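Results of the structural survey
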Amino acid sequence: MDKFLKILKKLQNLTQKHFTDKPYLLPLSISLLVLIIGLLIFRDYGMPWDEGYCINRGALNLKYALFGDMTLLNFKGRYHGPFLEMVFHVIYRFLGAEDIRMILYVRHLLLFALFCASAYFIYQITFKITQKKNTSLLSMFIYILSPRIFAEAFYNSKDIGFMIFLVFGIASLFYAIDSTPQKQRLNLIIVGILSGIVMSIRIQGALLIGFTYIFIIIQFLRKDQNKIKIFINGLTYTIVWMLCMYTVTPLLWGHPINNTIDMFNTMKSYPWYGNMLYLNHLYKSTDLPWHYLPMWIFATTPILYSIGVIFGSISLTVTSIRKDLKKIFADNSFIKKLIVILWLFMPPILILAMKVVIYDGWRHMYFIYPAFAIISAIGLATIYRNIQKKLAVESRKVSSIIMKASLFISFILTISFILTISFMVINHPFENVYFNPIFSYNMQENAKKNFELDYWGLSYYQALQYIVEHDNSDEIRIIGTNPPMINNFNMIDFNNRQRLINETDVHNADYFIGMYRAMENEEYDLGRIPHEEFYSIKVGNAKIIVIYKLDNDQYNDRIKQGK
């Protein structure tokens, strides 16, 4: 034990020696390391349910903006934010990516690169709140090592894309809060640009605008501030975010006021009416119980992270209210703590109060996860420091006890991260089907019967790949239960893709692929057609997709014989 403690101490001193003078270097190095990992695995992920729809949205917005093509005006998803999709479209056209498979690869890599950049800013946001490097690094690890967030950072440009740019916006706001009066207007212009972008991506970007106005109002209430300068700063910010949102949202160009109102009314509760499996029951997406959202967040997040959020929320609240009102308004740290608390708790409360339609787990609320990671890190660091203080008071062998207590807490954190990373490695590329140990120790009984698993349909890619590798037929007729199967034809290499035929009649198909979405986890009824399981993919002991090889020749012979 003593030797291990000495090694730990040497590593700590070595880290401090190299990174004290350049505090940005370690988080930047971690972000780059994660990006390198992404470069090795980005080809492994399939094409999710609506990625083709996202690609189309970017193309239609650009055609409308550049050539006046009116097709966008009749497009069902015209109110979904176009900014990121237009940027992606320009880049893969610039790179000459024409085949859909190559386009998807470019998209996945670009989105993940943005995610890695946002991880660096998670460190910066946390450091501006706590002024503690270890806590800031911990928040970065919690942000990256969420299996679902990590996986979806390759392909979920709607929810993860919004989350990423909200992180950029909050980070820029924190820089503005800490900036000198001379630089504040410039920083608020940057916040304004990012506010317009996040509003373009999703209407919930109003969160960043609200936080910025909270800061401006608190500044205005301070006695020692120049009221005229603050008013001009606020007016400048307002003009910038409005102009930016208008510029990057082509749909607003024709009728900005009416289309903004329509966009807000549509996107505050996007209409989708489907069945959702939840707690072994099928619910309509418009009639989910109030606990659907908190249960999904808890079930799909490592347990230690949730424990950290509880203590972190208490810690931030207590440290904020200890000061009297005058000191609170004079302290920038209070503003930053208030913002991160509101970031985490206000959106879910509003969702529940307004009965907004949510579905597919909590993906529509991923944008609160950065705040979750920050507060969780603060909570776990608070537990660590409190144990240290208690042991220091109660023991004469202060340094030895503190070191051993620190080692124990570090050990718990390390075990949690190792378990999370192990799941991600073992089940790659299906990290999106992560459930914490309470639900995953028997996935078949505790997760599959209560929650949707691969609702994105990503596993169709691996299922199709298995078929083309094990069937040499010139034509392979396949029938599936959901649209993602057709999407994932695009992920197969061009030559093998030509062999695949989307069959609509099960009596003419060679294979049936089912992904269990909203199926209440029952096996598929293929009627009287003889079939056998050809292949299945499991996470834990639960199948997330299954392939049946169909024997329609035998079925037709039976029909002819009157059997």
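Residues numbered from 1 in each chain as written. Predicted model: local features only at pLDDT ≥ 70, side-chain atom pairs only at ≥ 80, totals over all residues. Heavy atoms only, no water.

**Section: the overall build of the protein chain**
Note the threshold: Comment: elements are numbered from the N terminus, with helices defined as DSSP H or I runs of at least four residues and strands as E runs of at least two. Each residue gets one of three labels from its accessible area relative to the maximum for its type: buried under 20%, exposed over 50%, partly exposed in between, using a 1.4 Å probe on protein chains only. Contacts: residue pairs with any heavy atoms within 4.5 Å of one another. Per-residue and other accessible areas follow the Shrake-Rupley method at a 1.4 Å probe size, with only the shown protein chains counted as cover for residues.
If you tally the helices and strands in the protein chain, you get 24 helices and 7 strands. Here the protein chain holds 563 residues, and the buried ones make up 53% of them. A separation of at least 24 residues holds for 76% of the contacts in the protein chain among residues at least 6 apart in sequence. Accessible area of the protein chain: about 26,400 Å², with a carbon and sulfur share of 63%.

**Focus on a nonpolar patch on the surface**
For the record, the criterion: Only residues above 30% relative accessible area that lack a salt bridge enter a patch, with like-charged residues linked at up to 9 Å and the nonpolar side chains Val, Leu, Ile, Met, Phe, Trp and Tyr linked at up to 5 Å. Salt bridge, as applied in this entry: a Lys or Arg side-chain nitrogen positioned within 4 Å of an Asp or Glu carboxyl oxygen.
A cluster of nonpolar side chains, Phe220, Ile228, Phe231, Ile232, Leu235, Ile239 and Leu243, forms an exposed patch at the surface whose accessible area comes to about 690 Å². Sort the elements by how many residues they give to the nonpolar patch and helix α11 (residues 227-248) lands first, with 6 residues. Residue placement: leucine 243 occurs in helix α11.

**Considering the packing of aromatic side chains**
Defined as follows: Any two of the Phe, Tyr and Trp rings considered here, Trp counted by its six-membered ring, make a pair once their centres fall within 6.5 Å; the pair's planes then place it as stacked at under 30 degrees, edge-to-face at over 60, or tilted in between. In this analysis the charged atom, NZ for Lys or CZ for Arg, is taken to sit over a ring once it is within 6 Å of the ring centre and within 35 degrees of the ring normal.
For the coordinates displayed, the defined rule picks out 38 aromatic pairs. Pairing tyrosine 45 with tyrosine 155 gives two aromatic rings, centres 6.1 Å apart and planes at 45°, and the pair type is tilted. Of this pair, tyrosine 45 sits in the loop between α2 (25-41) and α3 (51-67) while tyrosine 155 sits in the loop between α7 (147-152) and α8 (159-178), and the two are 110 residues apart along the sequence. Both residues of the pair, tyrosine 45 and tyrosine 155, count as buried. Geometrically, the ring pair formed by tyrosine 143 and tyrosine 369 is stacked, given 6.5 Å between the ring centres and 20° between the ring planes. Remark: tyrosine 369 occurs in helix α17 (residues 369-394) and tyrosine 143 occurs in helix α6 (residues 133-144); sequence separation between them is 226 residues. Each of the two residues, tyrosine 143 as well as tyrosine 369, counts as buried. Above the face of the phenylalanine 435 ring, arginine 148 is positioned so that its terminal group lies 4.8 Å from the ring centre.

**Structural notes on the pairing of strand β1 (residues 275-278)**
Looking along a regular strand, one sees the side chains alternate between the two faces of the sheet. For the record, the criterion: Only strands joined by at least two bridges in the DSSP assignment are considered to pair.
The sheet contact formed by β1 and strand β2 (residues 281-284) spans 4 bridges and is antiparallel. Note on β2: the bridge partner recorded for methionine 276 is tyrosine 283. In textbook terms, the turn of a hairpin is the stretch between consecutive antiparallel strands, and for β1 and β2 this stretch comprises 2 residues, one of which, leucine 279, has a positive phi near 50°.

**Looking at the pattern of salt bridges**
The final tally for this structure, using the stated rule, is 15 salt bridges. Here lysine 128 and aspartate 178 are joined by a salt bridge, their closest N and O atoms 3.4 Å apart. A residue pair is termed long-range when its members are at least 10 positions apart, and lysine 128 in helix α5 (residues 100-130) and aspartate 178 in helix α8 qualify at 50 residues. Among the residues examined, lysine 128 registers a relative accessible area of 16% and is labelled buried. Residue classification places aspartate 178 among the partly exposed residues on the basis of a relative accessible area of 34%. Residue arginine 477 pairs with glutamate 475 through a salt bridge whose shortest N-O separation is 3.5 Å. A cluster of three or more residues bridged by salt bridges with shared partners is formed by Asp159, Arg202, Asp360, Arg363 and Arg517.

These figures capture arrangement, not role.
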